[in-house]
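# Chain and residue survey
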Amino acid sequence: KRTRTIPAKKYYHFIKLMGRSASHIVLECALATHPNLVFLGEERKSLSSMVDEMVSVILQRAQAGKEYGVFLIPEGLIEFIPEMRALIDALNSALVLYPEAPMEQLKGDEKALFETLPASIQQQLLLDRDPHGNVQVSQIDTQLLFLDLVKKELKAKNFSGKFSAQDHFLGYEGRACFPTNFDANYAYSLGLLAALAIRDHLTGMICALQNLASSVSHWKPKMVPIIQLMGLERRQGKEKPVIHKALVDLSSPSFLELSSKRSSWRFEDDYQYPGPIQFFGCPEITAPAAVRRKT
């Protein structure tokens, strides 16, 4: 059961939440906690528009005497920002051909954008790629990028109010708790299904469970050939087969619920405290919020 809460009334909290590409985690966290602002990578907003949005909220809340707030930022957001995506693609290509000095190969808009970024973000964008050739977004302090740009914009607007900010990254500690009943049942069922696939010599398959909004006895096992989930993406300068990312559907009930409420959260202090995860009891207490909404 959620209860109303409020953060310390002296800070803006820039919170980065985990999620390599898709913004499912930040969407669910927003629905559970009601932050003042939340960004989803799938909305593909420009960097300047998001900074303007943050600054606008800060200015309007300051007029109401509220010099505090909470902004949620998904880990993978930086790759969905159109101008940042172009910059990352340019750096990816340059790192393959000119690993010693890739930034010297940047031109035009990409070069101009790179030069406006804080030095720490520049260095993080040049870090070694993962085995797939992707930027290691968990090592990029996106929340600090926004914090820095917001400070600059407030200064440019001669903001005379108080702006104190804290940055946070809730990564592995956010998923290091004990499993819920749902987690345990889900993992056990997938393991059982995998064992059956091995027994029946089924290879190249993905095990899945359907009807998860119902009780465990009504779950439906399914196996999908992995090839059906694959498409071509550019990795390390070459087209390679990869599994398509399951991104947030902007027409889904969860996103539509967020869309209907997020504007009121900007200026109202409707912060919610979901309470600890429950491991036993009736579904109204133990089921994840997403499952409760579907029922």
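The rules behind the values
Here the residue numbering is sequential within each chain, running from 1 through the sequence in written order. Reporting of local features is limited, given that this is a predicted model, to residues whose pLDDT is at least 70; pairs of side-chain atoms are given and counted only at 80 or more, and all residues count toward the totals for whole chains, interfaces and linings. Derived side-chain values reflect all non-hydrogen atoms in the structure, with water molecules and hydrogen atoms excluded from consideration. To qualify as a helix, a DSSP run of H or I must reach at least 4 residues; to qualify as a strand, a run of E must reach at least 2; elements of each kind are numbered from the N terminus. Think of it in three bands: with a 1.4 Å probe and only protein chains considered, a residue is buried below 20% of the maximum accessible area for its type, exposed above 50%, and partly exposed in between. Two N or O atoms form a polar contact when they lie within 3.5 Å of each other; inside protein one atom must be a possible hydrogen donor and the other a possible acceptor, and for residues adjacent in sequence the pair counts only when both atoms belong to side chains. Working convention: axes come from line fits to C-alpha atoms, limited for helices to the stretch in contact. Angles between N-to-C directions cover 0 to 180 degrees. Note on convention: near helix rotated counterclockwise from far helix by under a right angle means a left-handed crossing. Clockwise means right-handed. Working rule for contacts: check all heavy atoms of both residues, and any pair within 4.5 Å makes them a contact. Here the term charged refers only to Asp, Glu, Lys and Arg, the term nonpolar to Ala, Val, Leu, Ile, Met, Phe, Trp, Tyr, Cys and Pro, and the term polar to all other amino acids, Gly among them. Pairing between two strands is assigned when DSSP locates at least 2 bridges connecting them. pLDDT measures how confident the predictor is about each residue, on a scale from 0 to 100. What a helix is expected to span follows from its residue count: subtract one and scale by 1.5 Å. Throughout this description, the term nonpolar core refers to a set of buried Ala, Val, Leu, Ile, Met, Phe, Trp, Tyr and Cys residues connected via side-chain atoms within 4.5 Å. Stacked, edge-to-face and tilted labels apply to pairs of Phe, Tyr and Trp rings (six-membered ring for Trp) whose centres lie within 6.5 Å, assigned for plane angles under 30 degrees, over 60, and everything in between, in that order.

On the secondary structure map, arginine 262 appears in helix α8 (residues 253-265). The buried category is assigned to arginine 262, whose relative accessible area is 16%. There is a polar contact of 2.7 Å between the side chain of arginine 262 and the backbone oxygen of valine 38.

On to the packing of helix α2 (residues 47-63) against helix α6 (residues 142-156). Where α2 contacts α6, the axes come no closer than 9 Å and their chain directions differ by 65°. As α2 runs across α6, the sense of the crossing is right-handed. Residue-level contacts link Leu47, Met50, Val51, Asp52, Met54, Val55, Ile58 and Leu59 of α2 to Leu145, Phe146, Leu149, Val150, Glu153 and Leu154 of α6. When the residues that make up the contact of α2 with α6 are grouped by side-chain class, the tally is 12 nonpolar, no polar and 2 charged.

Moving on: the sheet that holds strand β4 (residues 69-74). An order of β3-β4-β2-β5 is seen for the 4 strands of this open sheet, with the pairing classed as parallel. Taken across any chain shown, the strands that pair with only one partner, and hence form the sheet edges, are β3 (37-38) and β5 (165-170). Pairing between strand β2 (residues 12-17) and β4: 6 bridges, direction parallel. By the bridge assignment, tyrosine 12 is partnered in β4 with glycine 69. Against the sheet, helix α1 (residues 24-33) engages β2, β3 and β4, with an angle of about 160° to β4.

Right, let's get into the environment of cysteine 29. One can find cysteine 29 in helix α1. Linking cysteine 29 and valine 242, residues 213 residues apart in sequence, is a C-alpha distance of 28 Å. Look past the residues within four positions of cysteine 29 in its chain and what remains in contact with it is Leu17, His34 and Leu72.

Another aspect to go through is the confidence of the model for the protein chain. Interpretation of this model should avoid reading the predicted coordinates in detail wherever pLDDT is low. Chain-level statistics for the protein chain give a pLDDT mean of 88 and a share of 92% at 70 or above. The spread of mean pLDDT over the elements of the protein chain runs between helix α10 (residues 289-294), the lowest at 53, and β3, the highest at 98.

Another aspect to go through is α2. The terminal C-alpha atoms of α2, which comprises 17 residues, lie 25 Å apart, in line with the 24 Å expected from a rise of 1.5 Å per residue. Looking at α2, one finds that the buried residues are Leu47, Met50, Val51, Glu53, Met54, Val55, Val57, Ile58 and Arg61. On the buried face of α2, the contacting elements are β2, β3, β4, α3 (82-97), α4 (108-116) and α6. Looking one or two places after α2, you find glycine 65, whose phi comes out positive at around 80°.

The subject of this paragraph is the nonpolar core. Of all hydrophobic cores here, the largest spans 36 residues; its most connected members are Phe14, Met54, Leu87, Leu125, Phe146 and Val150. Broken down by secondary-structure element, the contributors of at least two residues to this core are β2, α2, β4, α3, α4, α5 (119-125) and α6. At 7 residues, the largest contribution of residues to this core is made by α2. Beyond its immediate stretch of four places on either side in the chain, phenylalanine 146 contacts Phe14, Leu47, Met50, Val51, Met54, Ile73, Leu77 and Ile81. By size, the runner-up hydrophobic cluster in this structure holds 16 residues, among which are Leu27, Ala30, Leu72 and Val248.

Taken as a whole and judged by the stated rule, the model has 8 aromatic pairs. Taking the centre distance of 6.3 Å and the plane angle of 85° together, the rings of phenylalanine 14 and phenylalanine 163 count as edge-to-face. Of this pair, phenylalanine 14 sits in strand β2 while phenylalanine 163 sits in the loop between α6 and β5, and the two are 149 residues apart along the sequence. Each member of the pair, phenylalanine 14 together with phenylalanine 163, is buried.

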